[in-house]
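# Architecture and fold: a report
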2 protein chains.
Amino acid sequence: MSHLISRRAQSRIVNHFASDTLKGAPEGFKPHPKPLHLDYGTPNEGFFPIKSIHVTVKQKPFEDQEPESVSESAKGKPVVIENRAADPSLIDIATGLQYSDVPGIPQLHKFTKDIIVRAHPPKYNDWETTVSCGAGEGLNKAIDVFLDEGDVVLLEEFTYTPILQAIQNAGAFPVPVRLDLEISSGNIDGIDFQYLSNLLDNWDELKPEFKGRKPKAFYTIASGQNPTGLTQSLNFRKKIYALAEKHDFVIIEDDPYGYLTLPPYKESELKTGPPLLELEDYLQNHLTPSVLVGHKKVIETIVTYSSLVTRFPSGTSQILVNNVIEQNFGGVDGWLGWILKLRSVYARRRNVLLFHLYESNAYKERYFDLIDPRAGMFVSVLVKFPKGTDVSEKLTLLQWKFRAYGVGVVSGLKMAVDPNFSLERGAFFRLTFAPAETDEEITEAAFRFTSAVNEFFQKGLQF
Amino acid sequence: MSHLISRRAQSRIVNHFASDTLKGAPEGFKPHPKPLHLDYGTPNEGFFPIKSIHVTVKQKPFEDQEPESVSESAKGKPVVIENRAADPSLIDIATGLQYSDVPGIPQLHKFTKDIIVRAHPPKYNDWETTVSCGAGEGLNKAIDVFLDEGDVVLLEEFTYTPILQAIQNAGAFPVPVRLDLEISSGNIDGIDFQYLSNLLDNWDELKPEFKGRKPKAFYTIASGQNPTGLTQSLNFRKKIYALAEKHDFVIIEDDPYGYLTLPPYKESELKTGPPLLELEDYLQNHLTPSVLVGHKKVIETIVTYSSLVTRFPSGTSQILVNNVIEQNFGGVDGWLGWILKLRSVYARRRNVLLFHLYESNAYKERYFDLIDPRAGMFVSVLVKFPKGTDVSEKLTLLQWKFRAYGVGVVSGLKMAVDPNFSLERGAFFRLTFAPAETDEEITEAAFRFTSAVNEFFQKGLQF
């Protein structure tokens, strides 16, 4: 593993002036039983202006938008954050607003390990976690830890493009990997495995500009991929892993949606969403490791970087996340219970969106196909232009149609690593049901979307 | 200014797939009056588990450690954070827990400008601010924005050494500037101006290893310097500024203590601290710009970096900081009022520490001298070793004495940029009164400290 860590990251040394060892003591030295500190520049918590924080927590998503009042028993346990907490699983104000440990305040750091052990224990022992300042921030560190200037990284050809800025910042080069979005082909894993395997086997010939520089990493969003919504099967992941072993690259798995697995679309679950899963059933079908977790050596190197670049993540955020989970939800299983409820609302919203897409004239006329996602919050609508269409031009024009109809969607081509490379496969739009206020809003947005497509096609692909 | 920005920082480009323009619309296009969004990947706030947050705020530091109960009228205004706030100066949950603006959530971003205008308005118009993820994180960005690989940066020879890791990470080289700690010389500004001026005038001869690479930046802690506690006078700052203009370098001012100005030590204010200053009197004697503020072009470049490396700072932190200030303290002046109270407790604690140092036998025997700080939380104790002493060896031994007596202090030499360069001037210890629980603890710690010095000297500098 060590040989894949960037030279930049390996060269960093952390040495704090306040660190101290008891090596080299003179003869007769006895440590004092109760030393006092004039050394640490950590203001006493008496100087912190906040005395206590009370948090009220929903027991289910959108609870406060429901007309009926929630009964007392259904209300959550109050979350009370005091200056000093008696319960060792809670982070108190004196700890949370103070300088703290770079990998995370111990209570929350422990939680990140506990949930991984519960949800998807790694099959090796030398793993570690670190709390980041947020998903994007953590990703930048994952890029930094592996990629040196001139290194090459593979990505799904359509992806979360802000990652490209982190790659550019590391001086590395992104190389897109073909996706197969023809769902009729039966490939539901997204990545065109043949293409990838062949590319790696014949790297120097196929990528002469990167001759002798085979990829050091593969950045992938394996569940509910952004933007396509595709999810790799367990079997497919194993095949990618085997490629990584053969060609000696690391897999950087970005996993914002892995916990939000979705059952297949069912029209009958339009109003209610799918029934709540039992936790054990959910966990059995739960695939994904999280970006927080990795080989110990990698995480240690990230923590070294953190200690110079960001220090510890926001204490108030850590207090809130940890204590809401511990005090209100009761720890790992309670938190997973909340995720199951989230997941159910996501599935219902997905059903609403898909129902209105499927019911539309545009769909019945086969102007588009779509991908029913197995995780996450994105639905890809694949526009079926006639052969020979100037896809780039027509996508732009269709986007204007959507604007005129009053519905915002993201063009697939806009999320391409290299639009020229991906032109043939870029004729899709990313739709998400996550930001809408209500199911009615999703219905109306779907209506606008399908009406725009319909009119566009019926006018002969003209505005 | 632009020519001093690093090539690395200048080369960054931010381009988000969700950014959109209305250029190039086809004929007949009319924007929709009320577009719906299937594009933004921003989950609706109904999915956020937090319903509301109530914060109780102290009206003065250490309030909750006082025996008498606080009267109702003295209690602070309740801080209530709801899903949607009616008051536009408050950040609500729907905004604060959502993706937000990289330079800071608008309300808090505005506050950072308001307090700068109130406390020390810059004398030019093209200034801007950005909220960082914390002081250390902001500093790393300030280093990144100016220093390329191979660049040189000046620092006070004793300084906040974690900055060296950020400098190393940028591939730049730190060059220490001599400080004058002989307070009997009457120089209270710290920096040896003659040395610095001469160094810059004769750079190529004096620093042949950096020939042709004059410093691009000077990193300085101008108020309550860490570790020395020294504060540059306004006049001295102007002299440094003139040097910067002459030799074309930027001043990176790190200002964690600038608001915590301290009056001179007064034995009569041992129990009470100095009387609370009137706000206007305080502001008139207030020197320092803050690390948050800088030339617009610099801040824009930092924000570009932020948008790839950290994104926006923690939303929960921004909610708490902004709303506690707005709702409880009533904005800029109320917040400065809190700082005045902090300052008063700091001054009292400083008085307690100095009183017990001055009263000690070790001081009366002239085993040490000390610097009474005009700002911040550090007191330097300058150990007066006889001429010819092996300072490095004796400092280490004396540190063991402190450990045996049960008092932690930081050796000046440990905070040197280059211990060899600073050996002659490194015979001091940094003491801080900030972390202690009580005045009694400071008293006891001072007693242990002076007793250790006393015994060490009386034993002929032996353990």
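Residues numbered from 1 in each chain as written. Chains lettered and ligands numbered in written order. Predicted model: local features only at pLDDT ≥ 70, side-chain atom pairs only at ≥ 80, totals over all residues. Heavy atoms only, no water.

### A word on unusual backbone geometry
Residue and element names in this part refer to chain A.
- Cis geometry is found at the peptide bond from Asn 226 to Pro 227, where omega equals 15°.
- With respect to the helices and strands, Pro 227 occurs in the loop between strand S7 (217-220) and helix H8 (234-247).
- One non-glycine residue, Arg 311, adopts positive backbone phi at about 60°.
- Position of Arg 311 among the secondary structure elements: in the loop between helix H10 (296-309) and helix H11 (315-329).
- You can call Arg 311 buried: its relative accessible area is 15%. (Helix = DSSP H or I, 4+ residues; strand = E, 2+ residues; numbered from the N terminus. Buried < 20%, exposed > 50% of the residue type's maximum accessible area, 1.4 Å probe, protein only.)

### Points about the pairing of strand S14 (residues 428-432) of chain B
Residues and elements named next belong to chain B.
- Within S14, five of the five residues are buried, which leaves it mostly tucked inside the rest of the structure.
- Burial of S14 is two-sided: the residues Phe 428, Arg 430 and Thr 432 facing one way and the residues Phe 429 and Leu 431 facing the other way are all buried.
- Bridging between strand S13 (residues 410-411) and S14 involves two bridges; their strand directions are antiparallel. Within S14, the residue paired with Val 410 across the bridge is Arg 430. (Pairing = 2+ DSSP bridges.)

### Topic: the domain arrangement of chain A
Residues and elements named next belong to chain A.
- What the domain assignment lists for chain A is domain 1 (93-341) and domain 2 (349-459).
- Each of domain 1 and domain 2 has a C-alpha centre, and these two points are 26 Å apart.
- Together domain 1 and domain 2 conceal approximately 2,900 Å² of surface at their shared face, both sides included; 64% is due to carbon and sulfur atoms.
- Along the contact surface separating domain 1 from domain 2 lie two salt bridges.
- Between Arg 425 and Glu 157 there is a salt bridge, and its shortest N-O distance comes to 2.5 Å.
- Linking domain 1 to domain 2 there are 13 residue pairs in polar contact (both at pLDDT 80 or more).
- Among the secondary structure elements, those contributing two or more residues to the side of domain 1 that touches domain 2 are strand S5 (152-156) and strand S6 (173-177). (Domains from an automatic or database assignment. Buried area = accessible area lost by both parts, 1.4 Å probe. Salt bridge = Lys/Arg side-chain N within 4 Å of Asp/Glu carboxyl O. Polar contact = N/O pair within 3.5 Å; in protein donor to acceptor, adjacent residues only side chain to side chain.)

### What to know about the relation of the copies chain A and chain B
- The two copies are related by a screw operation: chain A maps onto chain B through 180° of rotation and 0.0 Å of translation along the axis, at an RMSD of 0.0 Å. What the superposition gives is, in effect, a two-fold axis relating one chain to the other. Using C-alpha coordinates, one finds that chain A approaches the rotation axis most closely at His 54 of chain A, a distance of 2.5 Å.
- By residue overlap, the copies meet face to face through one surface: 100% of the interface positions of chain A are interface positions in chain B. (Least-squares fit on C-alpha atoms with pLDDT ≥ 70 in both. Contact = heavy atoms within 4.5 Å.)

### Here we look at H8 of chain A
Residue and element names in this part refer to chain A.
- Compared with an ideal rise of 1.5 Å per residue, which puts 14 residues at 20 Å, H8 spans 20 Å between its outermost C-alpha atoms and is within 8% of the ideal.
- Looking at H8, one finds that the buried residues are Phe 236, Arg 237, Ile 240, Leu 243, Ala 244 and His 247. The arc enclosing the buried residues of H8, seen along the axis, measures out at 115°, which places them on a common side. What points out from H8, more than 90 degrees from its buried face, is the exposed set Asn 235, Lys 238, Tyr 241, Glu 245 and Lys 246. (Expected span 1.5 Å × (residues − 1). Arc of directions from axis to C-beta.)

### What to know about the sheet that holds strand S5 (residues 152-156) of chain B
All names here are of chain B.
- In space, the four strands of this open sheet follow the order S6-S5-S7-S8, with parallel pairing throughout. With partners counted over all chains shown, the strands left at the sheet margins are strand S6 (173-177) and strand S8 (250-253), one partner each. Recorded for the sheet is a direction-independent mean angle of 25° between the axes of neighbouring strands.
- Two elements, strand S7 (residues 217-220) and S8, share four bridges in a ladder whose sense is parallel. Looking across to S8, one finds that Phe 218 is bridged to Ile 251.
- Against the sheet, helix H5 (residues 162-169) makes contact with S5, S6 and S7, and its axis sits at roughly 175° relative to S5, the strand it touches most. (Axes fitted to C-alpha atoms, helices over the stretch in contact; angles between N-to-C directions.)

### Quick word on the packing of aromatic side chains
- Tallied over the entire structure, the rule returns 48 aromatic pairs over all chains.
- Both rings, one in Phe 218 of chain B and one in Phe 249 of chain B, keep their centres 6.5 Å apart while their planes meet at 80°; by these two values the pair is edge-to-face. Note that Phe 218 of chain B is positioned in strand S7 and Phe 249 of chain B in the loop between helix H8 (234-247) and S8, a separation of 31 residues in sequence.
- Grouping aromatic residues by their ring pairs yields a cluster made of Tyr 265, Tyr 358, Tyr 363, Phe 368, Phe 402, Phe 429 and Phe 449 of chain A.
- A cation sits over an aromatic face here: Lys 239 of chain A above Phe 193 of chain A, 4.4 Å from the ring centre.
- Positioned above the aromatic ring of Phe 421 of chain A, the side-chain terminus of Arg 425 of chain A is 5.3 Å from the ring centre. (Phe/Tyr/Trp six-rings, centres within 6.5 Å; stacked < 30°, edge-to-face > 60°. Lys NZ or Arg CZ within 6 Å of the ring centre and 35° of its normal.)

### Quick look at the pattern of salt bridges
- Taken as a whole and judged by the stated rule, the model has 48 salt bridges over all chains.
- The partner of Lys 51 of chain B in a salt bridge is Glu 63 of chain A, with the nearest N and O atoms 2.4 Å apart. Here Lys 51 of chain B is found in strand S2 (residues 50-57), whereas its partner Glu 63 of chain A is found in the loop between strand S2 (50-57) and strand S3 (79-81) on a different chain.
- Accessibility expressed as a relative area gives 6% for Glu 63 of chain A, which makes it buried.
- For Arg 237 of chain B, the salt bridge goes to Glu 253 of chain B, with nearest N and O atoms at 3.5 Å. Note that Arg 237 of chain B is positioned in helix H8 and Glu 253 of chain B in strand S8, a separation of 16 residues in sequence. With respect to burial, Arg 237 of chain B and Glu 253 of chain B carry one shared label: buried.

### Considerations on the sheet that holds strand S11 (residues 378-383) of chain B
All names here are of chain B.
- With antiparallel pairing, four strands are arranged side by side in an open sheet as S10-S11-S14-S13. Of all strands in the sheet, those with a lone pairing partner are strand S10 (368-371) and S13, marking the two edges.
- Its contacts with the sheet put helix H12 (residues 332-358) on S10, S11 and S14, and the angle it makes with S11 is roughly 15°.
- Along the sheet, helix H14 (residues 391-405) contacts S11, S13 and S14; its crossing angle with S14, the most-contacted strand, is approximately 30°.

### A closer look at the environment of Ser 344 of chain B
- Mapped onto the elements, Ser 344 of chain B comes out in helix H12.
- Apart from residues lying up to four places away in sequence, Ser 344 of chain B is in contact with Thr 272, Gly 273, Pro 274 and Leu 276 of chain B.

### Observations regarding empty space enclosed by the protein
- Taken as a whole and judged by the stated rule, the model has two cavities of 30 Å³ or more.
- Reported here for the largest cavity is a volume of approximately 60 Å³.
- If you trace the largest cavity, you find it lined by Glu 156, Leu 179, Asp 189, Gly 190, Ile 191, Ile 221, Ala 222, Gln 225, Thr 228, Leu 230, Thr 231 and Gln 232 of chain B.
- Partitioning the lining of the largest cavity into residue classes produces five nonpolar, five polar and two charged.
- Computed from the structure, the second largest cavity encloses a volume of approximately 40 Å³.
- Glu 156, Leu 179, Asp 189, Gly 190, Ile 221, Ala 222, Gln 225, Thr 228, Leu 230, Thr 231 and Gln 232 of chain A are the residues that line the second largest cavity.
- Across the lining of the second largest cavity, the residue classes tally to four nonpolar, five polar and two charged. (1 Å grid on protein atoms, 1.4 Å probe; cavity = no way out; pocket = protein on both sides within 12 Å on 5 of 7 lines; lining within 4 Å. Points joined across faces, edges and corners; volume = space filled by probe spheres on them. Nonpolar A, V, L, I, M, F, W, Y, C, P; charged D, E, K, R; others polar.)

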